[in-house]
Amino acid sequence: MEGVFPVVIAVVALAVAVVVLGVLVISVLRGHAEILRALHDLGINLDPSSTAPAADSTPAHLSARGVHGHTRADDRAADVAGHDPKGAMVQVGVVGRKGFTLLAFLSSGCMSCLHFWEAFAASDLEVPAGARLVVITKGPHEESASAINALAPPGVTTVLSSEAYGGYGVPVAPYFVLVDGPSGRIVGEGAATSWAQVSNLMRQSLADAGIAEPGDPAPAPRLDGPARAARIDAALESAGIGPGHPSLHPNPQAPNGNSTEQEGAA
């Protein structure tokens, strides 16, 4: 009998381990199913056998929630408050600051997010409109702060804030929101699975909003009213045409306004 108890204990321990692993697997599969369902709702198909066009070439299809060309401040745009990966309280200014801020909503657990964690660590990363990049994850009660600390790219502000997720209405990670600081506008937003998709989406959003990126030629100013009249007068003066010039007062009764010359010739 003495040799039976160790066997029984081992069998019970093994059964418990199997049950725990089964629960974990079910939880992971459920989480992946929710992510895939959310991505499908946003118009993103991760099926490699799909015949749908590649998202890189169709940035407008990245998200059904894509917003382009806002003309007024968006009430969702707000500063981000939370914890840094080491646990300290932080607040990141977004609205009212100079320039753009690209908010990257990521997670430590999704495979698609891993590509962005790695991409953001590159020293030559080009962010559309020269925007400042801020990475946001859910708060410490929903994310592992130590895992985020290991993933956080050097030099990139990273904030753990479930409040920001709710405030910006983020449906799934990875998700990106481009905010124009001075106006408080959300210029563009959407879900993506690669940095090329994000870059294309934000550049399209900037173009739709009529915002030139740094280095692009500034659009010519539109002149109306007195400014337009003054510009015309200056152009005429530079050409030697002033008040009373014959070209400004043609004779409507003669063709080409040359009645005097034709009468003299006759």
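I will try to describe carefully the structure that is included in this document. Keep in mind the model is a prediction, meaning the values are calculated, not measured.

So, how was this worked out
- Residues numbered from 1 in each chain as written.
- Predicted model: local features only at pLDDT ≥ 70, side-chain atom pairs only at ≥ 80, totals over all residues.
- Heavy atoms only, no water.
- Helix = DSSP H or I, 4+ residues; strand = E, 2+ residues; numbered from the N terminus.
- Buried < 20%, exposed > 50% of the residue type's maximum accessible area, 1.4 Å probe, protein only.
- Contact = heavy atoms within 4.5 Å.
- Areas by Shrake-Rupley, 256 points an atom, 1.4 Å probe, with all protein chains shown as cover.
- Phe/Tyr/Trp six-rings, centres within 6.5 Å; stacked < 30°, edge-to-face > 60°.
- Pairing = 2+ DSSP bridges.
- Salt bridge = Lys/Arg side-chain N within 4 Å of Asp/Glu carboxyl O.
- Expected span 1.5 Å × (residues − 1).
- Right-handed = clockwise from strand over helix to strand, strands pointing away.

### What about the overall build of the protein?
Counting its regular elements, the protein contains seven helices and seven strands. Listed by position from the N terminus, the elements making up the protein come as α-β-β-β-α-β-α-β-α-β-β-α-α-α. Looking at the protein as a whole, 32% of its 266 residues qualify as buried. Counting only contacts in the protein whose residues sit at least 6 apart along the sequence, the fraction spanning at least 24 positions is 66%. Working note: accessible area of the protein is about 15,900 Å², and carbon and sulfur atoms make up 59% of it.

### Things to note about the packing of aromatic side chains
Inspection of every chain in the model, using the stated rule, returns five aromatic pairs. Arranged with centres 5.1 Å apart and planes meeting at 85 degrees, the rings of F105 and Y165 form a pair that is edge-to-face. Remark: Y165 occurs in helix α4 (residues 162–167) and F105 occurs in strand β3 (residues 100–105); sequence separation between them is 60 residues. In this pair, the class of F105 matches that of Y165, namely buried. On the numbers, 6.0 Å between centres and 40 degrees between planes, the contact of F116 with F120 is tilted.

### Here we look at the pairing of strand β6 (residues 175–180)
Among the six residues in β6, six count as buried, and that is most of the element. Side chains Y175, V177 and V179 project from β6 onto one buried face, and the interleaved F176, L178 and D180 project onto a second face that is buried too. Inspection of the sheet shows β6 paired to strand β7 (residues 185–191) by six bridges, in the antiparallel sense. Of the residues in β7, the one forming a bridge with D180 is R185. Counting the residues that bridge the hairpin from β6 to β7 gives four residues, and of these G184 lies at a positive phi of roughly 75 degrees.

### Quick notes on the pattern of salt bridges
Here the structure, examined in full by the defined rule, presents three salt bridges. As a salt-bridge pair, K138 and E142 come within 3.9 Å of each other at their nearest N and O atoms. In this structure K138 comes out as partly exposed when scored by relative accessible area, which is 32%. Judged by relative accessible area, which is 45%, E142 ranks as partly exposed.

### Regarding the environment of V170
Summarising the element assignment, V170 is placed in the loop between α4 and β6. Along the chain, V170 and E189 lie 19 residues apart, while their C-alpha atoms are 9.7 Å from each other. When neighbours within four sequence positions are excluded, V170 is seen to be in contact with F105, Y165 and Y175.

### Comments concerning helix α5 (residues 195–208)
In a regular helix each residue adds 1.5 Å, so 14 residues correspond to 20 Å; α5 covers 20 Å between its end C-alpha atoms and thus fits that length. All of the buried residues in α5 are W195, Q197, V198, S199, L201, M202, S205 and L206. Taken together, the buried residues of α5 touch β3, α2 (111–120), β6 and β7. Looking one or two residues past α5, G210 carries a phi angle of roughly 75 degrees, positive in sign.

### Section: the pairing of β3
Put simply, side chains in a regular strand alternate between the two faces of the sheet. The element β3 is extensively covered by neighbouring structure, given that six of its six residues are classed as buried. In β3, alternate side chains face the same way, and those of F100, L102 and A104 on one face and T101, L103 and F105 on the other are all buried. In this sheet, β6 lies alongside β3 in antiparallel orientation, the contact comprising six bridges. Bridge pairing in β6 links A104 to F176. In terms of handedness, the path from β3 via α2 over to strand β4 (residues 132–137) forms a crossover that is right-handed.

As far as function goes, none of this settles anything; it's purely spatial.
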